[in-house]
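Geometric and topological summary
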Amino acid sequence: AYKTKGHCYMTAHGSERDNVISNNLGAYTEPVDYDKQLGHMYGWDESTYVSTFYMKAVWNDLIGNCGAGSFRNAFWYRILPRVTGESYTKYSQANGNGNKWHPRRLNMGSYKFKDNIGHSNYHMDGLRIQDLHSYLNEGGYGTFENVQMYRNRNHGMLFYYSRGISLKGGYFADNRRSIRLIRTIGTREISDVQFIGETETQKELRSRQGVEAIGCDSPDPISGVMIPAPKNPWMNPHSYPGDDLHIHNNTFANFDGVSCKFGSPIFVTAWDRNDDHFEYSVRATNNTDLDLDSHQSSKTVVDLCYAYSKGIRDVVVTDTDGTMNPDKTASFSGNMGAILTYQPHLASFAGGKCTTYEDTCSTYC
C-alpha cells in the first residue's frame, strides 16, 4: 500500500480475532486532512492520528510487516474499554454496557507481534502501545519479538498506560527515544536488543544531504530506554507480582557524541513520580555499553540529571552482575553493583568503593 489516506491495515471494532496480518508493506500513509492533522499534532483521537497498522484488538498475529514514512505511526495498538461500531450490539448483550467482551482485559498471550519493522515515520512513533493490559493470571504476558524500529522522529517504541508486555530481540537506531515507558508497569523484560544512538549512516546523511539531526527540537537526550523514577527506590508495595522491569542482555552503542546533543543508554525521567499505581523496581543484568568498552565514555549508562533537576534524589538501579559499571569494580559481594543518584547518604550503605560521575549526576557503587 502506497500513499494511502487514513489508517491502512486495521482492526476496526476491537472484536476481531484469529487473523494473521503478515508480510505487508505500508509506505507514506497520509492524513485525510492535513490541516486537521496539524491542528491536532499531539492529540490521540483516531480520526486525526493516522497510522499504517492500527489495531484495536490483540487476539491477532502481526508478522513480518513494514510501516515506513507514515505521517504519524507505523504501528498503533489502541485498545478501548469496549467494542465499538457494528460489533457493539453483539458483544454487549451480557450487561448492556459493552463490557461482555472487554478488549483491554484480553491477554495477548500466544498471539504474535514478530519480525515487524517501523522506520522513518515523520511525526511520531514506530510502534505505539496504548492501554494494552495483559495480566499474568489471565494467561501470561504478551511478547513482542525481533522488533526493528529506526529513524522515527519521536519514539521507536512507546508503552503508554499498558502492562504485562515483554520485548525480546530487536534493533533500535536513530530514534529520539528508542523505548519509553509512560504510566506503564509490568513490562516484564527488555532483552536481547541492539540499541544505537546515532548510526554512521545517519551522520553521513546529515553531512552530505542536510538531513535533520535527531532530537534537536527536544530537551531530552537521545536515549535507548527511558524509564520513570520510582517513588520508593527500596521497596515496591503497590505493585503486582512480576511488575519489576528487567533490562537484560542488551547492547548499547553510539550514544556518546551524537550530533545534536548528549545521549544516554538509559535515561530516568520525572514522569509518574507521585502516582503509586506505577511503582516498580528496575534490574539490569548482562548489558553491554560499547562506548564504555571502547573507552569512549567515562560516565554511567544511566543518566539521572533530568530527574535530579526535578528534585528526585533517591533513584537506585540495581546492576545485578556489574556489567554496567564504568570502571568494572563494585562494592557488593560478587559482581553486583548499583547506580544511584549522586547523594552521599545513598552511597553510604554500600560499605565500599563508590565513584561519582558528574556528567550523569550519578554514583556507581
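Rules and cut-offs
Residues numbered from 1 in each chain as written. Predicted model: local features only at pLDDT ≥ 70, side-chain atom pairs only at ≥ 80, totals over all residues. Heavy atoms only, no water. Helix = DSSP H or I, 4+ residues; strand = E, 2+ residues; numbered from the N terminus. Buried < 20%, exposed > 50% of the residue type's maximum accessible area, 1.4 Å probe, protein only. Areas by Shrake-Rupley, 256 points an atom, 1.4 Å probe, with all protein chains shown as cover. pLDDT = per-residue confidence, 0-100. Contact = heavy atoms within 4.5 Å. Phe/Tyr/Trp six-rings, centres within 6.5 Å; stacked < 30°, edge-to-face > 60°. Lys NZ or Arg CZ within 6 Å of the ring centre and 35° of its normal. Disulfide = S-S within 2.5 Å. Lys, Arg positive; Asp, Glu negative; His and termini not counted. Salt bridge = Lys/Arg side-chain N within 4 Å of Asp/Glu carboxyl O. Polar contact = N/O pair within 3.5 Å; in protein donor to acceptor, adjacent residues only side chain to side chain. Pairing = 2+ DSSP bridges.

A count of helices and strands for the protein gives five helices and 26 strands. In the protein, buried positions account for 56% of the 365 residues. Approximately 15300 Å² of the protein is accessible, and the part contributed by carbon and sulfur atoms is 48%.

Mean pLDDT over the protein stands at 79; residues scoring 70 or higher make up 78%. Within the protein, the lowest mean pLDDT, 54, falls on helix α1 (residues 34–39), and the highest, 98, falls on strand β2 (residues 20–22). Scored below 50 in pLDDT, residues 95–99 shows twelve contacts in the model against residues more than four places distant or in partner chains. Note on residues 233–241: pLDDT is under 50 here. Beyond four places in sequence and across chains, it has 16 contacts.

Moving on, we get to the packing of aromatic side chains. By the definition in use, this model includes 14 aromatic pairs. Ring pairing ties together the aromatic residues Tyr9, Phe53, Phe75, Tyr77, Phe113 and Phe144, which thus form one cluster. The residue whose ring lies beneath Arg153 is Tyr122, and the NZ or CZ to ring-centre distance is 5.1 Å.

Here we come to the environment of Asn23. Following the sequence through the fold, Asn23 ends up in the loop between β2 and β3 (25–27). Measuring from C-alpha to C-alpha, the distance between Asn23 and Asn116 comes to 8.6 Å, with 93 residues separating the pair along the chain. Dropping the residues within four chain positions of it, Asn23 is found in contact with Ile63, Gly64 and Asn65.

Let's shift gears to the state of the cysteines. Counted by the stated rule, this structure contains two disulfides. Disulfide pairing places Cys305 opposite Cys361 at an S-S distance of 2.2 Å. Residues Cys305 and Cys361 are joined through a disulfide that is right-handed, its torsion about the S-S bond being 100°. You can see Cys305 sitting in helix α4 (residues 305–309) and its partner Cys361 sitting in the loop between β25 (355–357) and β26 (362–364), a full 56 residues away along the chain. One disulfide in the model links Cys354 with Cys365; its S-S distance is 2.0 Å. Residues Cys354 and Cys365 are joined through a disulfide that is right-handed, its torsion about the S-S bond being 115°. Taken together, the residues span a long stretch of sequence, with Cys354 in the loop between α5 (344–347) and β25 and Cys365 in the segment after β26 at a distance of eleven residues. A residue is classified by how much of its surface remains accessible, and Cys354, at 28% relative accessible area, is partly exposed.

Let us now look at the side chain of Asp174. When you line up the elements, Asp174 lands in the loop between β13 (163–173) and β14 (177–182). Buried charge without a partner: Asp174 forms no salt bridge, and the closest opposite charge is Arg151, 5.1 Å away. Polar side-chain contacts of Asp174 include one of 2.7 Å to the side chain of Thr199.

Turning next to the pairing of strand β24 (residues 337–341). Among the five residues of β24, five are classified as buried, and the element is accordingly described as predominantly covered. In terms of strand pairing, strand β23 (residues 316–319) meets β24 through four bridges, oriented antiparallel. The residue of β24 that forms the bridge with Val316 is Leu340. With three bridges joining them, β24 and β26 adopt antiparallel strand pairing. Residue pairing across strands places Ile339 opposite Tyr364, the latter belonging to β26.

An order of β1-β4-β7-β10-β12-β14-β16-β19-β22 is seen for the nine strands of this open sheet, with the pairing classed as parallel. Of all strands in the sheet, those bounded by a partner on one side alone are β1 (9–11) and β22 (302–303). Examined bridge by bridge, strand β19 (residues 263–269) and β22 share two bridges and lie parallel to one another. Pairing of Phe267 across the sheet is with Asp303, part of β22.

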